[in-house]
Amino acid sequence: MIDYDDEARNYDASRGGEPRALAAADAVELLLPQGPCSILDIACGTGIVTRRLLSPERMVVGVDRSPGMLGLAGQRVPGGVVRGDATRLPFASDGVDAVVIVWLLHLLPDPASVLAEAARVLRPGGVLITTVDKDDAYFVEGSDIAQVTAELRRQYAPRVPDGSARVLGWAAERGLGLAGQTEFPGTGQGRSPRRWREVIAAGRIPWCAHATEDQVADVCQRLAELPDQDAARPDPLYRLVALKA
Ligand SMILES: C[S@@+](CC[C@H](N)C(=O)[O-])C[C@H]1O[C@@H](n2cnc3c(N)ncnc32)[C@H](O)[C@@H]1O
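The structure presented is a predicted model; accordingly, all values stated were derived computationally and were not measured.

A. The arrangement of the site of the ligand in detail. Taken together, 19 residues lie around the ligand, and R20, A43, D64, A86 and V102 are the ones closest in. Between the ligand and the protein, one listed contact pairs an oxygen atom with a side-chain N or O atom of Y11 at 3.1 Å. One of the backbone nitrogen or oxygen atoms of A86 is found 2.8 Å away from a nitrogen atom of the ligand. Within the complex, 98% of the 600 Å² of free accessible area of the ligand lies under protein. For the shell around the ligand, a count of residues per class yields 12 nonpolar, 3 polar and 4 charged.

Printed below as a string of structure tokens:
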């Protein structure tokens with residue numbers, strides 16, 4: 001996982017900024033309970049999404065383990081952020097109406113301990129809302145990037161920590177079922193073939209981390225052969241699921 005203390009200053013600008021945060025918060029809103037409620041945003045980061053969940057009838061708290069990210073979140077959600085690890089949340093059991101997790105599970109070796117903690121702090125009948133399948137978000141059907149990368153992604157797919165099948169399977173074992181789902185666009189985040197080669201070279205693509213050097217070189221070669229090297233492909237579409245007893 002990258003060092004989010006180092007990343008904090010660049011985080012918002014490099015992850016779609018306010019347009020992405022607005023789209024994410026709007027999508028989360030669709031899955032949240034109506035009316036007064038308490039919300040815990042796990043891995044709130046810079047609070048760019050968290051602050052958009054605030055309303056007079058809600059109590060919203062963000063938790064994150066990175067002091068660098070939390071420093072920014074504290075400015076956006078004054079008095080509403082806490083430092084803590086998602087695998088050992090510093091909150092009582094059965095306490096909140098909704099848990100929100102945006103862009104954390106895909107970073108973890110195994111999401112089970114974080115999901116278990118999320119379920120623990122949720123009051124009976126509460127809702128757990130999380131992103132899933134994050135690394136698939138770029139690969140809309142028919143995209144040339146999707147075709148060129150398909151084989152490597154297929155080989156890597158079983159290991160994806162935030163795979164929806166895996167998350168839903170975990171939820172089912174604990175009596176939680178799919179109560180809703182939606183998507184939000186990563187506005188302005190579509191990548192050109194050249195940009196894909198850059199992020200692969202920077203080691204930022206998980207399905208490349210598990211491939212051989214030859215496989216990665218082959219994919220990069222095929223990306224280099226695509227037309228319109230500097231034309232961004234469609235924006236990614238990120239998935240959110242809501243889990244409930
Ligand atoms: C990709 S960022 C997402 C931030 C925010 N949810 C957003 O959508 O802008 C991932 C965040 O997870 C936090 N994080 C990673 N592992 C964590 C853990 N075990 N407990 C708490 N926070 C964690 C990082 O510090 C970082 O702020």
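B. View of the pairing of strand β5 (residues 122-132). The element β5 is largely enclosed, with a buried count of 8 among its 11 residues. Running through helix α4 (residues 112-121), the crossover from strand β4 (residues 96-101) to the neighbouring parallel element β5 is right-handed. As paired strands, β5 and strand β7 (residues 237-244) are joined by 6 bridges and run antiparallel to one another. By the bridge assignment, I129 is partnered in β7 with A242.

C. Structural detail: the UniProt feature "domain: Methyltransferase type" (unreviewed entry) in the chain. UniProt records the feature "domain: Methyltransferase type" (unreviewed entry) for residues 40-129 in the present numbering. The span residues 40-129 carries 22% helix and 30% strand; its end-to-end C-alpha distance comes to 10 Å.

D. Summary view of the side chain of T182. Its location among the elements puts T182 in strand β6 (residues 177-185). Overall, the relative accessible area of 18% leaves T182 in the buried class. In contact with T182, other than residues within four places in its own chain, are A27, L30, L31, Y238, R239 and L240.

What counts and what doesn't
Residues numbered from 1 in each chain as written. Predicted model: local features only at pLDDT ≥ 70, side-chain atom pairs only at ≥ 80, totals over all residues. Heavy atoms only, no water. Near = heavy atom within 4 Å. Polar contact = N/O pair within 3.5 Å; in protein donor to acceptor, adjacent residues only side chain to side chain. Areas by Shrake-Rupley, 256 points an atom, 1.4 Å probe, with all protein chains shown as cover. Nonpolar A, V, L, I, M, F, W, Y, C, P; charged D, E, K, R; others polar. Buried < 20%, exposed > 50% of the residue type's maximum accessible area, 1.4 Å probe, protein only. Helix = DSSP H or I, 4+ residues; strand = E, 2+ residues; numbered from the N terminus. Right-handed = clockwise from strand over helix to strand, strands pointing away. Pairing = 2+ DSSP bridges. UniProt positions renumbered as here; feature names shortened; annotations may be inferred. Contact = heavy atoms within 4.5 Å.

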